[in-house]
Structures are given as C-alpha cells and as structure tokens.
Protein chains: 2
Amino acid sequence: MPAYAYPLLIKQLLLTPLANATEQEIVYRDKSRYDYRTLRERIGRLGSSLGVMPGQTVAVMDWDSHRYLECFFAIPMLGAVLQTVNVRLSPEQIVYTLNHARADVLLVHEDFLPLLESFSAQLETVQRFVLLSDAEFPDCPAPFATDYETLLAGGDPDHEFPDFDENTRATTFYTTGTTGHPKGVYFSHRQLVLHTLAAAAAFGTAPVQGRFGRSDVYMPITPMFHVHAWGFPYIATMLGVKQVYPGRYQPDVLLQLIRHEGVTFSHCVPTLLHMLLSAAQTAEVTLHGWKVVIGGSALPKGLAQAALDLGADVYAGYGLSETCPILSLGLLEPGEAEDEDAALSRRIRAGRAIPLVDMRVVDDTVAELPHDGVSTGEVVVRAPWLTQGYLHDEAASATLWEGGYLHTGDIGNRDATGMLNVTDRLKDVIKCSGEWLSSLELESLISEHPAVSEVAVIGVPDEKWGERPRAMVVLKDGYEADAHALREPVNRRVDEGRLPRYARLMEIHFVAALPRTSVGKLDKKVMRQHAG
Amino acid sequence: MPAYAYPLLIKQLLLTPLANATEQEIVYRDKSRYDYRTLRERIGRLGSSLGVMPGQTVAVMDWDSHRYLECFFAIPMLGAVLQTVNVRLSPEQIVYTLNHARADVLLVHEDFLPLLESFSAQLETVQRFVLLSDAEFPDCPAPFATDYETLLAGGDPDHEFPDFDENTRATTFYTTGTTGHPKGVYFSHRQLVLHTLAAAAAFGTAPVQGRFGRSDVYMPITPMFHVHAWGFPYIATMLGVKQVYPGRYQPDVLLQLIRHEGVTFSHCVPTLLHMLLSAAQTAEVTLHGWKVVIGGSALPKGLAQAALDLGADVYAGYGLSETCPILSLGLLEPGEAEDEDAALSRRIRAGRAIPLVDMRVVDDTVAELPHDGVSTGEVVVRAPWLTQGYLHDEAASATLWEGGYLHTGDIGNRDATGMLNVTDRLKDVIKCSGEWLSSLELESLISEHPAVSEVAVIGVPDEKWGERPRAMVVLKDGYEADAHALREPVNRRVDEGRLPRYARLMEIHFVAALPRTSVGKLDKKVMRQHAG
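These numbers were taken from a predicted model, which means no experiment stands behind them.

**A short note on the interface of chain B and chain A**
Interfaces are frequently sized by the accessible area removed from exposure as the parts join.
Okay, step 1: Each side of the interface is counted separately: chain B has 58 residues, and chain A has 58 residues.
Okay, step 2: Across the chain B to chain A interface the summed buried area is about 4,500 Å²; carbon plus sulfur atoms make up 60%.
Okay, step 3: When residues of chain B are sorted by the area they lose upon contact with chain A, B:Thr205, B:Arg214 and B:Leu356 head the list and together hold 16% of the total.
Okay, step 4: Where chain B touches chain A, the interface holds 4 salt bridges.
Okay, step 5: Linking A:Glu166 and B:Arg190 is a salt bridge whose minimum nitrogen-to-oxygen distance equals 2.7 Å.
Okay, step 6: Seen at the junction of chain B and chain A, the total is 20 residue pairs in polar contact (both at pLDDT 80 or more).
Okay, step 7: Of all the secondary structure elements, the ones that give two or more residues to the side of chain B that touches chain A are helix 1 (15–20), helix 7 (189–204), helix 9 (232–239), strand 16 (352–353) and helix 14 (394–400) of chain B.
Okay, step 8: Among the elements that make up the side of chain B that touches chain A, the one with the highest residue count is helix 7 of chain B (8 residues).

Structure below.
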C-alpha cells in the first residue's frame, strides 16, 4: 500500500507555520528575537547535536524561554522523552523525579547551579549535562559537557526528524499530591497533537470573548514545566502566532512585555494574576486588549472583577496535570454577556467541556448525575489526551482510572448549559453534620470584600459537627475589616436558602500570609495540619 | 490496564453539543425544526432500527436534510459504511456505484422514485429499501420495506452505540473522472474526526474575516452527497451551532432561509454563488453578514467582486473528493485586507494549508519547488484525512499515491506567505509552444468584463503551436461585448510581461451555455471533444 498513513507526531504541528508564517516572531524577554524559520533551524540544530537515542529521557530546568520552546519540539521529535522539571520542588523531590524518570541528559539554567550542586551527587542515571545561559559561557564548569548555544552551533539546521509510532511517549513530568512522592504523568505524540487541535478549535470558535486566534500575541505566565504551559506553546506554534517568553516571572517585566510586545493572550494561576494586577495598579496602566485564562486554582470573584476593572478579558479554565491539561473553559455564550453580574459568575466557573471531552459528574457508583446545577459529585472524564496512568505506579494508576474514567478528585455540579461548577477538591470538602460545604464557594464570597487580599477556607475538626469551616484571611495593606463584616455575605446567603445553614459555623482567622505549594497553589494540607 | 484508550469515533463529536447546546436548533426548510436533544434521539432511533451489521453499507439518496445529518452520524456509529449517492449521475453510473460499493440498504427520497425505477432491476446487493419523504407516507410502495419516519418511530432514542477501531471505514462515495467508471473514495472515523478538528481550528482562528465560530448559523449549499458537504455537518454539530438544511437547492428558497433563519455561513461552487447573486439582485436584497467559502472550481475574480458588492464575505477554499476535502483556505492575513484589490486577489486563491496539511508544489521528480509565487508544478499532499486509495482499484490507488504523496492533479505555485495559487488542472493546462498557459488565469481575466456571465478556456489543437487557448464565453442577458474588448485585459497583461506572449493566440467563441458535469462543474472534457 503506497498511501502515507500519517501518524500524529509533534513535528507535524510545525508544517503550516513553516509554510505560512515564516517571518512571525518569537521573543525572549529583551534578550532575543527571531523568526519561525530560525526556530526550525534551531530545532534541527538541537535535535542533531543532542546525541540522544529514541526512548531516552532529556530533562530540562529552565525559566520560560525560546530554548524551552525548542526543547518542546526537538526532544520529542527525536523519539526521546522531554522531562519538564518543576524547579520549585525541594532538592529531594527534584532528584527523586530525575532518578524515577531515569533522565539521561539534563539541561540546566545557570540560575539553578546552586540547586543542582545540592543534589547532583545523588543523580543515578544522568550521563550528560548541558548548561543553559542568557550570557556567553565560554568555559563550562563541571559537570557540564557543553553549553546550549555551543551545542546548537555544531548542529545541522536542516536535520530531518524521523516518523515513528504516534503512541511514542513525548513528555513526562511530576505532580505533587498531598501524600508521598511526586507522581509522574506522561503524554504521547498523539495525545499532544489531539490536545493542540481540540484546544485550538475551542479557543478559536469562542462565541463572544476570550478567543485565541491567529492575530493574537501569546505569552505564558504558567511555567513551561507545568503541564506544558497548558499546551499553549504547541497551540501558538501550530497557529503561527507571535510568541513572547518572559523568563523568570517578574511582575514589572511581565507588564512591560504585555505592553511593548503587544501581548494579547496569557494564562496563569490566581496568585500571579493578583501580583500582575497590583503591579498594573501601581504603574497606573490598564490591561485593555489582554485576554487571560485562569486555572490551577479556582478564580475568586473579587479577583476576576478587579481584572475586568483594569480592562482584562479574564475567565477560568479547568484541567489537571493528569489531563494534559485542558478539559473545559469558562467562555461566555451569546446572551450570557449582557448581564454583567451574571457574566462574572459564568467567567469564574470551570466552564464547558471542549470538543471530544466526555465529562461527567457522578455519584459513588460512577452513575451520571443530572445537569441541574445542584446535584454534586465527583468530576470524571474521558478525552483523547489523558495520562494513561502514573509512571511506574500501578496501584495509583488503577485508582486514577477506576471504572474506566479518569477521576479528577474534584467535586462539582453541572447545569443545563453544560457549565461545570467545581465546588471543591474531594479532599478539601468540609463535611459538617454529614452535609458538604464548598470551601471554594465560601472563599469566593469572602473574597468579594474590598479589604480581602486572599482567603482560604478549610475544615477543622469539631466535636459536635464533625468539621466546621475556618476562613484564613489575609487583608490588603492599609485595609481593615472585622470578622462580622466578612461573615455577612455568607450569612445572607444562608438566609436566602442558597447555602446550608452549617455555613454559619464558619470561624474567621486573620493571618499575615497563606502557605503555598511549590507551584504556588494554596496548601490546605499544611493549613489543616496547623489547625489540627 | 484500566485506562480508557479513546479511539477517535464520530460519535464523540456529539459529546460536547449534547452537554452544552441541547436547545440549539436544527432546521429543515420550512418543514421541520428540532433541537440537539432530539437529534440525538433520532440518531438513536435510526441506529437501533436500521437492522444493519458492522461492515455493511447503507446508501442514501436525499436532498440536504436533517435526515441526511442523522445518517451522517447513525450509520457510521453502528460500524456500518454510509454511502452518499451522487443523485446527479446518470442512472447507469448510480447503479454502478451501488453495485461496486455492495450497498446492503438504500434510503431513497420520493423525488428519486422514477430514477430508482429506471435502474432497480440492475441492483445486485441491495436487500432493503427505505423511503424518505417530507410528507406522511402510510402505504409504502414496493420495493420499500418501510418509510424513514415509521422506522424511527419504532427505534430506541437512547440506543447506545459501541466503541470499535477508529480505522473502521465510515463513509464512501464516488468521484467522476474524465475517463472510465466513477471511482470510490473512503474515509475512516479517525480521518473524519481529525478533519473536523483541524478544519474547526482553521476556520475558528481566522485572523481577519471568514471565520466560522460558535455564534454562526450554518447552511450547506454544496450537496451532502458531495464530500460530506465539505465535512461541515460534522464541524457544525461538534460546535453545537444552529444548522439549516435547505432540501433541493432553489435560489429563492436559499435566499429566504439565509434571511429568515439568520444564516451566516455557507459553502458552494461558483455556479451556485452565481445563481444566488442573481436571485439577490432580482429580489433587491443584500447579503451582509453572510460568509461563503467557494470551492470545487476556481473562484473567478468578477464573481468574487460581485459577491463582495452585495455584502457577502466570500473567499476560496481548496480540496478534492480524495482529500475529505479541506486542504487550504483563502483567508486574509492581518495587513492583507487593507488594499481592496490585493485582498480580492488573495480571496480567490486556493489559500494557505490548514493545520497538519503537508502541502507541496513539486517538479516531475516530486522534489519541492521554491515558495516564490512563480515556480509551477503539481500540488501533492499528506494529511491525516486523505483517502488511502480508490475502492477496489489498486492500479489507480498506486498512481494516486505515487511517491508517498497524494497527487491532486492540480498545478500551481506557492508564495512566501504560503499562499497556494492553483493555475490549472494538470489535464486542462494549455501547452503552447512548450510553455504552460493557465486556463484559470485567462478565465479570471475575461470574467472581469461586466458583460461576461461565464467563461471557460480550453486548449484546442493547433498545428503550429501544439495548442492554442480558446475562450468559450456566455454573455449576460441584455449585455453585449465583442471579442476585441474581452481580449484586451489579456493582451495588456502580455504587454506588462505578466503572461506568456502565447496568450495572445486566444480565440473567443460566444456560446449560449457551457456544458457541466453532474456536480455542476464546467466540463472541459466535453468542450475539448466538441472543439476537437
């Protein structure tokens, strides 16, 4: 049979930008700027000079950069596995992930040399080290064989990458749970290509706002080591749009790049949006024309309103490390944009499933609950881009995929328009006298108070009720508020019958800061330990 | 391994509209109107009552209807093959295609009963006939076992469709070449899902105009039997948009549907656009807010300008029956829309490849030619949705896929922005003294004259030059023009050095009408025969 069967491979995402958008730019801070033709040449140079075999693993420790983008393509295109290392983990966790994934080659940015030194003696499989630097680095220190630019200079810009099975593993990275070691998830070429296509279709066909199209300028503000920066570097490259990589996140640099490079589309966690809005307020600039998708944690209503007030088109997305990650988007439907307050409530939701995602809210027997906006259960999914398990961990894989659906560990409900409302993490839910209280809903209500900078609500043990809610509140500098004022919107909602009456049991604790995980999420596990 | 592997199946295109757009409408002329929930129920009813086994073939002869949309889903979702029958073929050709595809079941609209009667005795494999009708049809005439609505009434609206191999054949239909029998092409579930995703991503992310998004209203004006109406019924359904099916094409009905149902997006061949524009001019209505993609034949500049003048956002697309069909789109890039005349020249081009399409213009050795807008050769492609051959025809399949690329039989060139300019069919090109003359370019120049209704340029044998161009021109009613005036823009372009001087050899013949193929394309084979 002479027909070409066309396996779905990451290299094919480059086909149309290299024909249609050769002059489009890729920018790295104020340090580097080149076109897609050069991107392809540097991918060829990297692939031809890295010296890895199919099936080997190449780990990368870098800030968001053009180099990382090159690695997103060149390493999988060799049939090797790209391991994106979470540089915010502890040294013990990082060395665990590198040994567990059996990394053969390690690319390290010079900023992480002290970190590397702290664990390099414990590395069991790494054979070769490549130094990443924004500066010239003529004399590479041990253990580095070479630096990245020297490596590329010796490579072949026209290197041809082979075809192979589309189910070949392309990427791996580790997600930190609440207990035990980090767990490895992994994605194939086929999965990443399908995620790219479906996400491009979903963002592109957005009916009212929040669209990502071929005239946008993209900049990540979720790290590239974190679930492929939500897959956006692949989407942006396939579409041939201008891309801006900001290096280490510094709010003033991010703001400058948004303004000077004309960035129109980003994604980040609520904490970073919070920092950016503060920086914008300080600099007295607006964010008109900037679209930003928020994920990783729930988007508080107050934060979303603050972003809208500055002109940003903000909305939530939903997904996990295990899901590549995009599952659903809080885009508005025609008609939903008219009532501003109703629209705000839609924007902060987990959103509607993107094409091909089979999303269900289920009861304990994995039977689907009605789409009535009330019936609450665990969110389970099928999609063509979900990790097929945890690396070298059969027991955890079986739990993840119990009953043939991936269990997100989130609970929520869905309404008749398909809108998913995630009300809690299964493990964070507060069980008060046998009823579920949504910590996220309580947080969102408290966050609307103008004095509140951040809030986390956890369940603390209570002899009478089992658990009762406790709000840990950080106030804004120079603002004051008492517990009574913060409790007021919650009590009102109880009066209206829209919250269980146990919500009245909520305690308010004022704190100076909230504990966070390595990726910047609120660490409720630590909060519960301190409360316990 | 408990993980769900997720084969790419047509049924999965229904997942998100059934969760997110249950109340959206599907309209059939002025005869029927229902929501997506009902669509799913009717698909279930059809699938459960049709009584076909996986691997069997169900052929359909209908105008564009909600029934056809139901067949697009239910039949492949059973693991059976949907054969879309070209009702414009001759009876001999239709019976050939039904026997060749070994159709087991045949669904026939009552309008085609005389046609069916003319060939039914020659059908070799059809076991069961189902009657399609817009009216009640209580007493089914022989050979019909039942009518469609009676069948559905006895079916199960909740019928569950099984999973199976994504490479299972989903559709087949026949394309008429210039010689011999019609040839069968075929597409798998995987191919149709990938075509749907990539096309949705391409149309959705359109940077300036011509976008298809989730707030559009879709109506086909390329028949559903012709390359799945360009795959749009699948795209529109996946996106959950309002769909309007117009039945048999009647320009006044089409216009009414566009206006009364708020249709914003269609696709058709130039001939139909021509008819619609005439009807709009007669009815003194404009087409503002209506986007229309033109394919099947080249889009003449004069016709495109006439559409723009009436307010339509018109542009070309490119593809073949063999390619599912979409390969490229003549969407404008930012900056290209500013100069109106330049923009018009871009809109009528075959366009830029959509994601994952590996499109090349090659020389006789299948080596790629430079993207210089001049170097002309055959267009060859790879994509994840191309027919893997011709049904039961190994020799033709091998020719189609010679060298591992699908040969389109079109010649053209490509510029530095990726824009493909198809200059001719390989078989229609005019070879004048060893040089290639583009019949399409000559046609486009002549079509700009206000008196010209239609034009076809063919090569006719010439003793001295090998071939010389002959233009067959149909003038508009009430208009006059002489050969000198029509020849003028061609001669001017020769003077400017933008056309080979052999273009001056063009003869002009005025004719009353032009011969067409069964799908409404100009039939140059017949013209050459008459000229020969």
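**Some thoughts on the sheet that holds strand 18 (residues 377–382) of chain A**
Residue and element names in this part refer to chain A.
Okay, step 1: With antiparallel pairing, the 4 strands of this open sheet are ordered in space as 17-18-19-20. Of all strands in the sheet, those with a lone pairing partner are strand 17 (358–362) and strand 20 (420–425), marking the two edges. Between one strand axis and the next, the sheet turns by 45° as a mean value, whatever way the strands run.
Okay, step 2: Examined bridge by bridge, strand 18 and strand 19 (residues 406–414) share 4 bridges and lie antiparallel to one another. Each bridged residue has a counterpart across the sheet, and for Val380 the counterpart in strand 19 is His407.

**Side note on the packing of aromatic side chains**
Okay, step 1: Summed over all chains, the structure comprises 32 aromatic pairs over all chains.
Okay, step 2: For the pair B:Phe203 and B:Phe265, a centre-to-centre distance of 5.6 Å together with 90° between the ring planes defines the contact as edge-to-face. Within this pair, whereas B:Phe203 is found in helix 7, its partner B:Phe265 is found in strand 12 (residues 265–268), the two being separated by 62 residues in sequence.
Okay, step 3: When its relative accessible area of 1% is taken as the criterion, B:Phe203 is described as buried.
Okay, step 4: Relative accessible area serves as the criterion here: at 0%, B:Phe265 is assigned to the buried category.
Okay, step 5: On the numbers, 5.5 Å between centres and 20° between planes, the contact of B:Tyr218 with B:Phe232 is stacked. Taken as a pair, B:Tyr218 in strand 10 (residues 217–218) and B:Phe232 in helix 9 lie far apart in primary sequence, 14 residues in all. Per residue, the accessibility class of B:Tyr218 equals that of B:Phe232, and both read buried.
Okay, step 6: Taken together, the aromatic side chains of A:Phe203, A:Phe212, A:Tyr218, A:Phe232, A:Tyr245 and A:Phe265 make up a single cluster linked through ring pairs.
Okay, step 7: Between A:Lys476 and the ring centre of A:Tyr479, over which it is positioned, the NZ or CZ distance is 5.5 Å.
Okay, step 8: Sitting above the plane of the B:Tyr390 ring, B:Lys183 keeps its charged end 5.0 Å from the centroid.

Parameters at a glance
- Residues numbered from 1 in each chain as written.
- Chains lettered and ligands numbered in written order.
- Predicted model: local features only at pLDDT ≥ 70, side-chain atom pairs only at ≥ 80, totals over all residues.
- Heavy atoms only, no water.
- Contact = heavy atoms within 4.5 Å.
- Buried area = accessible area lost by both parts, 1.4 Å probe.
- Salt bridge = Lys/Arg side-chain N within 4 Å of Asp/Glu carboxyl O.
- Polar contact = N/O pair within 3.5 Å; in protein donor to acceptor, adjacent residues only side chain to side chain.
- Helix = DSSP H or I, 4+ residues; strand = E, 2+ residues; numbered from the N terminus.
- Pairing = 2+ DSSP bridges.
- Axes fitted to C-alpha atoms, helices over the stretch in contact; angles between N-to-C directions.
- Phe/Tyr/Trp six-rings, centres within 6.5 Å; stacked < 30°, edge-to-face > 60°.
- Buried < 20%, exposed > 50% of the residue type's maximum accessible area, 1.4 Å probe, protein only.
- Lys NZ or Arg CZ within 6 Å of the ring centre and 35° of its normal.

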